[in-house]
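Each chain, letter by letter, is given below.
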Amino acid sequence: KGKSPEYHWVYLPQKNLLPYRVGCSSNFYGSPEGKYSIYAEISYGDSKKLPRMNEEAIAQRVLCQLKKAGLIDASSITEKILTRKIDPAYVLFDFERKKVLRRIFSFFKEKSIFPLGRYGRWEYSSMEESIGDAMDMTVFLYGK
């Protein structure tokens, strides 16, 4: 609960902050009066480790960092925290990608399978692009 941030999403290049991006999804999806939803994305891997804490403690640290950085109102009250690990969260390209994708998409086409989104199309794409692709596919399949 509290005053909703005025941004949709912000990239955070600071090394001292855990998340590299934070967004206020309720600014584009809506929310009940006086409430808002935010998400924070943290990347990690071989070269960047997560702190040795459980997910709840990491989430609390992120909230404190966002309040201290002025990205969420310091007086906001957290009602619920959801955490999700996505492994891997990003499509990984290799030297065989183009050749393999031609074969995969040819197979999909033969089977009338329409891949969408980052994982379906094996590409870097945003939420907006995925939603747009799904809407285009709906029009293609069912008309306006």
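Further up the page is the structure itself.
What counts as what
Throughout this document, residue positions are counted from 1 along each chain, in the order its sequence is written. Totals for whole chains, interfaces and linings use all residues, but because this is a predicted model, local features are given only for residues with pLDDT of at least 70 and pairs of side-chain atoms are given and counted only at 80 or more. As a convention, hydrogens and water are excluded, and side-chain values are obtained from all of the structure's heavy atoms. The criterion is simple. A nonpolar core is a set of buried Ala, Val, Leu, Ile, Met, Phe, Trp, Tyr and Cys residues joined through side-chain atoms within 4.5 Å. The buried label goes to any residue with under 20% of its type's maximum accessible area, the exposed label to any with over 50%, and the partly exposed label to all in between, with areas taken from a 1.4 Å probe on protein chains only. Segments assigned H or I by DSSP are reported as helices when at least four residues long, segments assigned E as strands when at least two residues long, and all are numbered from the N terminus. Note on contacts: a residue pair is in contact if any heavy atoms of the two residues lie within 4.5 Å. To estimate how far a helix should reach, multiply one less than its number of residues by 1.5 Å. The rule for a salt bridge is simple: a side-chain nitrogen of Lys or Arg has to be within 4 Å of a carboxyl oxygen of Asp or Glu. Strand pairing is assigned whenever DSSP detects at least two bridges linking the two strands. Note on definitions: angles span 0 to 180 degrees between N-to-C directions of axes, and those axes are lines fitted to C-alpha atoms, for helices only across the stretch in contact.

## Overview of the nonpolar core
Grouped together as the largest cluster of nonpolar side chains are 13 residues, with contacts concentrated most on Y7, L12, V22, V62, L66, L71 and I72. The element that contributes the greatest number of residues to this core is helix α2 (residues 55–68), accounting for four residues. In this structure L66 touches L12, P19, V22, I38, L71 and I72, once residues within four positions along its chain are discounted.

## What about helix α3 (residues 97–110)?
A rise of 1.5 Å per residue sets the reference length of α3, with its 14 residues, at 20 Å; its end C-alpha atoms lie 20 Å apart and thus fit the reference within 8%. Directly beyond the C-terminal end of α3, a positive phi value near 55° is found at S112.

## Looking at the pattern of salt bridges
Once the charged atoms of two side chains with opposite charge are near each other, the side chains can pair. This structure, assessed with the given rule, holds three salt bridges. When the shortest N-O distance is used, the salt bridge between E41 and R21 registers 2.5 Å. Here R21 lies in strand β2 (residues 21–23) and E41 lies in strand β3 (residues 39–41), a separation of 20 residues in the sequence. The class of E41 is partly exposed, set by a relative accessible area of 22%. Across the salt bridge formed by K99 and E96, the nearest N and O atoms sit 3.0 Å from each other.

## Focus on the environment of I38
For I38, the position within the fold is in the loop between α1 (26–29) and β3. In this structure the C-alpha to C-alpha distance between I38 and P5, which are 33 residues apart in sequence, comes to 8.8 Å. Not counting chain neighbours up to four residues away, the residues in contact with I38 comprise P5, G23, C24, L63, L66 and I72.

## Quick notes on unusual backbone geometry
One non-glycine residue with positive phi stands out, namely S112, at about 55°. By secondary structure assignment, the location of S112 is in the loop between α3 and α4 (117–121). With phi around 55°, W122 is a residue other than glycine that occupies positive phi space. Note on placement: W122 falls in the loop between α4 and α5 (127–142).

## Topic: the sheet that holds β2
Taken in spatial order, the three strands of this open sheet run β1-β2-β3, and their pairing is antiparallel. For this open sheet the edge positions go to β1 (9–11) and β3, each flanked by a neighbour on one side alone. Strand-to-strand, the axes of this sheet are offset by a mean angle of 15°, without reference to chain direction. With three bridges connecting them, β2 and β3 associate as antiparallel partners. Pairing of G23 across the sheet is with Y39, part of β3.

Any link to function would need more than the numbers given here.
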